[in-house]
Amino acid sequence: MKHTIQDNMFLDMKTKDIFHQAQEYALEYIARIHERNVYPTKDALKGLSQFDEELPQNSTNAQDVLQQLHQYGSPATTATSGGRYFGFVTGSTVPVGLAAKTLGTYWDQVTAMNVMSPIGSTLETVVEKWLVQLFGLPQETVAGFVSGTSTANLCGLVAARYRILQKNNWDINIKGLRNAPPIRIVTGKQAHSTVIKAISILGLGQETIEWVDVDSQGRIKSENIPELDRNTIVILQAGNVNSGAFDDFEKICKKAKDADAWIHIDGAFGLWAGAVQQLKHLTKGMEHATSWAVDGHKTLNTPYDCGIVLCADKEALTAALHMSGSYIIESTERDGMFYTPEMSRRARIIELWAIMKYLGKDGIDQMVLTLYQRAKQFEKEIAKIPGFYVENDVVFNQVIVRCESDTITKTVLENIQQLRECWLGGSDWQGHKVMRVSICSWATTENDIAITIESFKKALVMAMKTHRV
Ligand SMILES: *Cc1c(COP(=O)(O)O)cnc(C)c1O
């Protein structure tokens, strides 16, 4: 008799062949990650056409499925977990996190309710406490474990919206936004686009935003902040996505707190400075905010996807994200779904916990400080090369570089990307085209910086040739 698909799946589970096969592929992949081209080669990109097919009518052999992924998928990845990927603010993965995630993948836990995953709930409780202590936040602060800072920003702002309207005797959950008392939003002109997205999603309207001027580093000019009141959400930034600059939390939070405003800090990658002895000065005063958004997958180098919302007003967060149903089993322990928009959520806490436990306070300190030191090394070495200019004060992990003109900068960047020895993207800064170097992989060595500098040099020589003709 023909085997059913269920028979085949039982067989896959029993023989375990495909799990060994996947592990072999994975180990082969990570063995080369520090040497290989950072961006896929042209051939690798061409190979992606292998995936362009109709859904097969018949079942495909499991080995063949994995084989296709390895043969055509692996080479078409960007080597983000190596030491020379400087694009966006991406981050590598601490090995133990990858290993713990692998184990967690087999567990396939959902962290909606405690009853669904006691281990997931326990780890979330523990890590919440660790984070609050590490960042020096108010003791009553709670954490929601989400997919990234986009969602964490949304959660912080949804809590703010709930609380401000509730103080005006307006229950947003019941009455909605129509005819609701107005909410003011004050933020800097360099607020991250995910903050703006959250404001849009929440129906607060971008028109509402009272934009505050920023200085040459992208920091809010605190003296330009308007009068604040208890109906205002003030949104600040720990780590500008281009320059890495931090708003002056101490000054702004004092003013906002006196006015009883809600303060939200977008600290996707920068909040981690607050965990490091030598960099703490950058986040001084951040503990006075009401909510914070931070990523694990950037600076802390957890695998994707891992973001965290921290909120000192537990009632506002859980009321805004409330849910119920006759089948729901509430626990006296932590039910994660009350802190996040989703009900079902994978237990990303496993790898976050594993990495924090592995590193400890000292390890986090060292790892984050090293990112800063590599950024300073890059800054120092690139500034020595005629034709390159560093455009920001390098206070954390971000370096903004430009050349003589926008045209040359653009060509140099294209050449660097073509060379594939490292990868970075561009941006606009103070009216110029610039290159954005974001150092956020634990694996970046001094030698990686040296190789990168050489790549910049080659790219500049190539560009000068192009533009002479
Ligand atoms: C990356 C980033 C975000 C968005 O975070 P995701 O994890 O990509 O959702 C928000 N704000 C800042 C400052 C960032 O750097």
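All of these numbers come straight from a predicted model, not from anything done at the bench.

Observations regarding helix H14 (residues 446-468)
Part 1: Relative to the 33 Å expected for 23 residues at 1.5 Å per residue, H14 spans 33 Å between its end C-alpha atoms, a close match to the ideal helical length.
Part 2: Within the span of H14, buried status applies to Asp448, Ile449, Thr452, Ile453, Ser455, Phe456, Ala459, Leu460 and Ala463.
Part 3: Lining the buried residues of H14 we find helix H12 (349-383), helix H13 (406-419) and strand S11 (432-438).

Side note on the pairing of strand S7 (residues 307-311)
Part 1: Counting buried positions along S7 gives five out of five residues, so the element sits mostly inside the fold.
Part 2: Residues Gly307, Val309 and Cys311 of S7 are buried on one face, and the alternating residues Ile308 and Leu310, pointing to the opposite face, are buried as well.
Part 3: Where strand S1 (residues 142-146) meets S7, five bridges bridge the pair, whose relative direction is antiparallel. From the neighbouring strand, Val142 faces S7, where its bridge partner is Cys311.
Part 4: In terms of strand pairing, strand S6 (residues 291-295) meets S7 through five bridges, oriented antiparallel. Within S7, the residue paired with Ser291 across the bridge is Cys311.

What to know about the nonpolar core
Part 1: Residues Phe135, Trp272 and Leu310 are the most contacted members of the largest nonpolar core, which totals 61 residues.
Part 2: Looking at this core, the element that brings in the most residues is H12, giving twelve residues.
Part 3: In this structure, Cys155, Ile185, Ile196 and Leu204 belong to the second largest nonpolar core, which totals 42 residues.

A look at helix H7 (residues 149-167)
Part 1: For H7, built from 19 residues, the straight-helix expectation of 27 Å at 1.5 Å per residue is met to within 8% by its first-to-last C-alpha distance of 27 Å.
Part 2: The buried count for H7 comes to 16 of 19 residues, which makes it a mostly enclosed element.
Part 3: Asn169 sits one or two positions beyond H7 and adopts a positive phi of about 60°.

Structural notes on the side chain of Gln237
Part 1: Mapped onto the fold, Gln237 is located in strand S4 (residues 232-237).
Part 2: A polar contact is formed between the side chain of Gln237 and the backbone oxygen of Gln190, at a distance of 3.3 Å.
Part 3: Not counting residues up to four positions away in its chain, the partners in contact with Gln237 are Gln190, Ala191, His192, Ala245, Phe246, Asp247, Phe249, Ile265 and Asp266.

Describing the environment of Tyr39
Part 1: Position of Tyr39 among the secondary structure elements: in the loop between helix H2 (17-32) and helix H3 (42-47).
Part 2: Separated by 383 residues in the primary sequence, Tyr39 and Cys422 place their C-alpha atoms 7.5 Å from one another.
Part 3: Once residues within four sequence positions are removed from consideration, Tyr39 is found in contact with Leu45, Thr78, Arg420 and Trp423.

Details of the packing of H12 against H14
Part 1: Contact geometry for H12 and H14: axes closest at 10 Å, N-to-C directions at 35°. Here the hand of the crossing between H12 and H14 comes out right-handed. Contacts between H12 and H14 involve Arg374, Gln377, Phe378, Glu381 and Ile382 from the first element and Glu446, Ile449, Ala450, Thr452, Ile453 and Phe456 from the second.

Quick notes on the pattern of salt bridges
Part 1: Summed over all chains, the structure comprises 24 salt bridges.
Part 2: Across the salt bridge formed by Lys167 and Asp260, the nearest N and O atoms sit 3.5 Å from each other. Of the two residues, Lys167 is situated in helix H7 and Asp260 in the loop between helix H10 (249-258) and strand S5 (262-266); the sequence distance between them amounts to 93 residues.
Part 3: We note a salt bridge from Glu421 to Lys458, for which the minimum N-O separation is 2.6 Å. Highlighted residues: Glu421 in the loop between H13 and strand S10 (425-429) and Lys458 in helix H14, separated in sequence by 37 residues.

What about the site of the ligand?
Part 1: The environment of the ligand is formed by 13 residues, the closest being Ser150, Asp266, Asp295, His297 and Lys298.
Part 2: Side-chain polar atom of Asp295 to an oxygen atom of the ligand: 2.6 Å apart, as the coordinates give it.
Part 3: One of the side-chain nitrogen or oxygen atoms of His297 is found 2.8 Å away from an oxygen atom of the ligand.
Part 4: Starting from 380 Å² of accessible surface for the ligand in isolation, the protein chains cover 85%.

So, how was this worked out
- Residues numbered from 1 in each chain as written.
- Predicted model: local features only at pLDDT ≥ 70, side-chain atom pairs only at ≥ 80, totals over all residues.
- Heavy atoms only, no water.
- Helix = DSSP H or I, 4+ residues; strand = E, 2+ residues; numbered from the N terminus.
- Expected span 1.5 Å × (residues − 1).
- Buried < 20%, exposed > 50% of the residue type's maximum accessible area, 1.4 Å probe, protein only.
- Contact = heavy atoms within 4.5 Å.
- Pairing = 2+ DSSP bridges.
- Core = buried A, V, L, I, M, F, W, Y, C linked by side-chain atoms within 4.5 Å.
- Polar contact = N/O pair within 3.5 Å; in protein donor to acceptor, adjacent residues only side chain to side chain.
- Axes fitted to C-alpha atoms, helices over the stretch in contact; angles between N-to-C directions.
- Left-handed = near helix turned anticlockwise from the far one by under 90°.
- Salt bridge = Lys/Arg side-chain N within 4 Å of Asp/Glu carboxyl O.
- Near = heavy atom within 4 Å.
- Areas by Shrake-Rupley, 256 points an atom, 1.4 Å probe, with all protein chains shown as cover.

That is the geometry; function is a separate question.
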